[in-house]
Every structure is written in C-alpha cells, then in structure tokens.
Amino acid sequence: MNHPVIIKGTKSGIIVHLKEELPFEELKEKVCEKFKSSSDFLGDAQIALSFEGRKLSDEEQLELVECITENSNLEIVCVIDDNAEREAYFSRTLEEKLMAMNMNTGQFYKGTLRSGQVIEFDTSVVILGDVNAGSQIVSTGNVIVLGKLLGNVYAGASGRDNAFVVALQMNPTQIRIGDVIARSPDEKQKTKVETKIAFSQNGNIYIEPLDRDVLNDISL
C-alpha cells in the first residue's frame, strides 16, 4: 500500500489504514485531507471507527478522531481497540459491576452536550459523545461517558454514595457523587488521555485509571 491513508468501509463502521513510516504530524494532515475530500461520499452517519497499520497512543488516536469529525459529517460513536482481549475485559468487568449492584438497567444518550445543556436521568446513563464545559449531567445512578468529560457531572443524585463516573477522558469542571463534591483547579492542566473512574470513599472523591485493581478495591 503506497497511499498514506486508506479508508475501508465495513458493515459496522470504518477502518482507517495508516502508513507506519510517516511522521505523525504529516500523517495527521493526510488524514484530514482524505476525509475532507471524501466527505460527500462518506455522507452523514454515526459509525464505529478502527485504526490499523501502526500503533497509536491514546492522545494520537484522539487527535485523529477530532481531525475526522472536523473534516467530515461523520459522528464517531466509538473507537474499536485493536486489542480485542482488553476490549472484552473492559466490557465484561463493567457489566459485572453494574449487575452486582442491580443497576444493569439504564439509558443511553447519543450526542455531544454543549455549554448550557443540562440532562437528568432516573437511572444510570451511558453518554455516547462528549460533555463540554458548561454542560451538566445528573443521574440517580452511575454515569459513563464514552468521550470527553469536561463539564459538570452529578452521579448518585438519589443519595447513593457508592455511584461512580467513568470517562474516556476525565477532566470535569465539577464532579459530585452522592453528597461529596470536588472541583477541578481553575487552571486546567493537560492530563494523559486514558479511561478513568471516579468514586467516593471516606468523604473524598478519587479519580483513578480504570484497571483491574481499582475495580476490585473500590466498594461499589
């Protein structure tokens, strides 16, 4: 394959093949150009996205997703990890925790929350999109954000202090779980892009990378 970027369509979404040898910044420009020129052909759709051909860091992957959405009419619902075992473990563990709490009934909200938007749920909720600064989510149960969490989030609004918040990129303006409230510093610091979980223990809110040890240690 001599082309730096090749788009492949599948039944469930799009696979983007990337040239391994190209410097990332140059590759990013090629991705922007490719999706901009293919925008009319690709149309307006909600898709799953997968990258192949080279190993990407979480930050690089996020940059390419933003590049694609800015240069096309596509809405990226999720990015499929090329590590099938890790994806399966993440999904299975999260499902087990929800079932153990008898909270396996919830709602899905598809779309990005803009500044000024407030949405409330009487169950746990999964947000398929970003939660921008100035927006707010309120849930009586748990909140899972499959995107960036930059606004305000209130989990366990019914008084449940064992609710939790999960986000693919966790940097909320304010987070509240049950009766415990925490705020981000006034000056936003650049954080590593990774899936994190926020939970309450002993009157404090902790935000940790989502892994096996954290899921086993916290009392959900």
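Structure shown above.
Computed from a predicted structure; not experimentally measured.

Participant: Just to check I follow, could you spell out a negative patch on the surface for this structure?
Facilitator: On the surface, E25, E26, E29 and E33 cluster together into a negatively charged patch. For E26, the location among the structural elements is in helix α1 (residues 24-37). A relative accessible area of 37% places E26 in the partly exposed class.

Participant: Sorry if this is basic, but what is going on with the state of the cysteines here?
Facilitator: Under the criterion given, the structure shown has 1 disulfide. Disulfide partner of C32: C67, at an S-S distance of 2.0 Å. Within this pair, whereas C32 is found in helix α1, its partner C67 is found in helix α3 (residues 58-70), the two being separated by 35 residues in sequence. A single burial state applies to C32 and to C67, both of which are buried.

Participant: How should I be thinking about the pattern of salt bridges in this particular structure?
Facilitator: Any two side chains of opposite charge can pair, on the condition that their charged atoms come close. Following the criterion strictly, the structure yields 4 salt bridges and no others. For K28, the salt bridge is made with E63, and the minimal N-O distance between the two is 3.2 Å. Placement of the pair is K28 in helix α1 and E63 in helix α3, with a sequence separation of 35 residues. The partner of E66 in a salt bridge is K148, with the nearest N and O atoms 3.0 Å apart. With E66 in helix α3 and K148 in strand β9 (residues 143-149), this residue pair connects regions lying 82 residues apart in the sequence. The exposure class assigned to K148 is buried, which follows from its relative accessible area of 16%.

Participant: How do you make sense of the environment of D130 when you look at a structure like this?
Facilitator: Inspection of the secondary structure puts D130 in the loop between β7 (124-128) and β8 (136-139). Taking the C-alpha atoms as reference points, D130 and L113, 17 residues apart in sequence, are found 6.2 Å from one another. Not counting chain neighbours up to four residues away, the residues in contact with D130 comprise G111, T112, L113, G147 and K148. A distance of 2.8 Å separates a polar atom in the side chain of D130 from the backbone nitrogen of K148.

Participant: Just checking my understanding: could you explain the sheet that holds strand β13 (residues 180-183) for this structure?
Facilitator: Across a sheet, paired strands are connected by hydrogen bonds in the backbone, their directions being either parallel or antiparallel. With mixed pairing, 5 strands are arranged side by side in an open sheet as β6-β8-β10-β12-β13. Both edges of this open sheet fall to β6 (118-121) and β13, since each of them pairs with a single strand only. Averaged over all adjacent pairs, the angle separating strand axes in this sheet is 10°, with direction ignored.

Participant: What exactly am I supposed to notice about the packing of aromatic side chains here?
Facilitator: In this structure the tally under the stated criterion is 2 aromatic pairs. With centroids separated by 6.5 Å and ring planes inclined at 75°, the aromatic side chains of Y109 and F121 adopt a geometry described as edge-to-face. Taken as a pair, Y109 in strand β5 (residues 106-110) and F121 in strand β6 lie far apart in primary sequence, 12 residues in all. For Y109, a relative accessible area of 23% gives the class partly exposed. What makes F121 buried here is its relative accessible area of 9%.

Participant: Explain the sheet that holds strand β3 (residues 46-52) here, please?
Facilitator: Pairing within the open sheet is mixed, and its 4 strands lie in the order β1-β2-β3-β4. Among the strands making up the open sheet, the edge pair consists of β1 (5-9) and β4 (75-79). Strand-to-strand twist in this sheet, taken as the mean axis angle between neighbours without regard to direction, amounts to 35°. Pairing of β1 with strand β2 (residues 13-18), which is carried by 5 bridges, proceeds in the antiparallel orientation. Each residue of the ladder has a partner; that of G9, found in β2, is I14.

Participant: I tried to follow the side chain of Q169 on my own but got confused; where do I start?
Facilitator: Relative to the helices and strands, Q169 resides in strand β11 (residues 164-170). Those residues in contact with Q169, other than ones at most four positions away along the chain, are L62, G147, K148, L149, V193 and E194.

Each value, and the rule that gives it
Residues numbered from 1 in each chain as written. Predicted model: local features only at pLDDT ≥ 70, side-chain atom pairs only at ≥ 80, totals over all residues. Heavy atoms only, no water. Patch = residues over 30% accessible without salt bridge, like charges linked within 9 Å, V, L, I, M, F, W, Y side chains within 5 Å. Areas by Shrake-Rupley, 256 points an atom, 1.4 Å probe, with all protein chains shown as cover. Salt bridge = Lys/Arg side-chain N within 4 Å of Asp/Glu carboxyl O. Lys, Arg positive; Asp, Glu negative; His and termini not counted. Charge placed at Lys NZ, Arg CZ, Asp CG, Glu CD. Helix = DSSP H or I, 4+ residues; strand = E, 2+ residues; numbered from the N terminus. Buried < 20%, exposed > 50% of the residue type's maximum accessible area, 1.4 Å probe, protein only. Disulfide = S-S within 2.5 Å. Contact = heavy atoms within 4.5 Å. Polar contact = N/O pair within 3.5 Å; in protein donor to acceptor, adjacent residues only side chain to side chain. Pairing = 2+ DSSP bridges. Axes fitted to C-alpha atoms, helices over the stretch in contact; angles between N-to-C directions. Phe/Tyr/Trp six-rings, centres within 6.5 Å; stacked < 30°, edge-to-face > 60°.

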